[in-house]
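Descriptive structure summary
The primary structure of each chain is shown beneath.
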Amino acid sequence: MRFKKYIWLTITLLGLYFIPFAQSDDIRQMKIETFLTDADQLIQNYKYDSAIILYDSALYLAETIDDMVQAANIMQLKGFSLRKTGNNHNAYNFYYNSRNLARELKVDTLCATADLGLAHINMDRGSLDSAEYFFRHALADFENINDTIGIGRALYNLSDFYQSKVDYKTSLNYALESNRIFKQSDQTELYCRSLNNLGNIYECLGEYDTALACYELGKRVNIELNDLKRAAKFANNKAVIFYHQGKYEEAVNELLNAIVFNEKVNDIKELSIFYRNISVIYKKLGEKENAFLYADKALACANELNNQELLSDALINLGVHHKQNNNYELAEKYYLEGIEIAERADLKWDMQTAYQNITLLYEAKNDYKSAYHYQLKYIDITDSINNIEQIKAREKYKA
């Protein structure tokens, strides 16, 4: 099993955010700040559609008082939320318009941050040459205005970019430099992100002790800051390494810490992942009761969020549990439900996992016709995944 490591609206439908026209600029500015603060809280809870509504209202007010720098900033915030909802086409337009406005206003920082947003969308689209162009353009903008933190952010993103190209040596060089900048600049949140990034790279390089050291340092720093949400992510990352090393008890201990941390902040999305991960380990340990308990919890969280990726994964995971418990009827039910969601949402890796497992299930049931059907689907999706990886690899060597 795998581990899973934005005509503007003048009013909103909510009376709370009604915008009367006869207002002073100061009042409008205060409302903008309120909209942005509330939108940030919504984003923290993954409610991107609701945040977009507030950004529309804030953008209208910024344009009304002719605060075009703020307008360019809000365009990027909306672009980020649109990207998170999978609306990359509109997200790209907002980032691109923000970039043009920032260039017109000669605000280099906003030009650079828009470039970062455009780079990420190109990464999502698989346009790696264009993504690299925007990442490097952002870095050059930050260097031109001597923005040290901005330089660190650009280097961090370049590191992530080269990870996606499986060029871990180049990725590591950028990661180490961004980590040094954030540590010296006393940027704790960015420093912790860079520690997580370093851990990921060392893990990919097979340097597990160094990766664990990065994750442990990140966990300790965030516990001291009482940032339990981020501390939990570091604990989960440690658990993944322990799992692959066969150190299941250590993995369980880290995941129990991650679960305790996240239950305190009630981050349902992360809890679904942690519940799912610990269920897999309990299955390895032969603790079936705990395995089913946490697998069911993972599904409940995914249902609460209506997150298609989490739903597909949780259903397939339950199918595995039931199959290994010889409950073939329930295993088939969960596999088929997971496959339906994965196919509808084009979740290729979930499809691959499910096709392989349901093939084994039908073979165990002596239903060789169904087994053959899903074996062909498994071969097709595996070829599709391999083709994607080969395209990425070829992109790496383009001039």
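Rules used in this analysis
- Residues numbered from 1 in each chain as written.
- Predicted model: local features only at pLDDT ≥ 70, side-chain atom pairs only at ≥ 80, totals over all residues.
- Heavy atoms only, no water.
- Axes fitted to C-alpha atoms, helices over the stretch in contact; angles between N-to-C directions.
- Helix = DSSP H or I, 4+ residues; strand = E, 2+ residues; numbered from the N terminus.
- Parallel < 35°, antiparallel > 145°, perpendicular 65-115°, else oblique.
- Left-handed = near helix turned anticlockwise from the far one by under 90°.
- Contact = heavy atoms within 4.5 Å.
- Nonpolar A, V, L, I, M, F, W, Y, C, P; charged D, E, K, R; others polar.
- Expected span 1.5 Å × (residues − 1).
- Buried < 20%, exposed > 50% of the residue type's maximum accessible area, 1.4 Å probe, protein only.
- Polar contact = N/O pair within 3.5 Å; in protein donor to acceptor, adjacent residues only side chain to side chain.
- pLDDT = per-residue confidence, 0-100.

Moving on: the packing of helix H3 (residues 68-84) against helix H4 (residues 88-105). Between H3 and H4, the shortest axis-to-axis distance is 8 Å and the interhelical angle comes to 160 degrees. Classified by the interaxial angle, the pair formed by H3 and H4 is roughly antiparallel. H4 is crossed by H3, and the crossing has left-handed handedness. On H4, the residues that touch Met68, Val69, Ala71, Ala72, Met75, Gln76, Lys78, Gly79, Phe80, Leu82 and Arg83 of H3 are Asn88, Asn90, Ala91, Phe94, Tyr95, Asn97, Ser98, Leu101 and Leu105. Partitioned by chemical class, the residues of the contact of H3 with H4 number 12 nonpolar, six polar and two charged.

Take helix H10 (residues 208-224) next. Between its first and last C-alpha, H10 extends 24 Å over 17 residues, near the 24 Å set by a 1.5 Å rise per residue. Those residues of H10 that fall on the buried side of the exposure criterion are Ala211, Leu212, Cys214, Tyr215, Gly218, Lys219, Val221 and Asn222. Two residues or fewer after H10 comes Asn226, characterised by a positive phi angle close to 60 degrees.

Below, the discussion takes up the side chain of Glu132. Among the structural elements, Glu132 can be located in helix H6 (residues 128-144). Separated by 2.5 Å, the side chains of Glu132 and Tyr162 make a polar contact. Among residues more than four places away in sequence, those in contact with Glu132 are Phe161, Tyr162 and Lys165.

Looking at the protein, the pLDDT average stands at 88 and 91% of residues meet or exceed 70. Of the regions scoring below 50 in pLDDT, residues 4-22 engages in 48 contacts with residues more than four places distant in sequence or in other chains. Considering only residues more than four positions removed or in separate chains, one finds that residues 390-399, a stretch of pLDDT under 50, has 10 contacts.

In this section: unusual backbone geometry. Both trends apply: most residues other than glycine have a negative phi, and most peptide bonds are in trans. Within the chain, Asn226 stands out as a residue other than glycine whose phi angle is a positive 60 degrees. Within the secondary structure layout, Asn226 lies in the loop between H10 and helix H11 (228-244).

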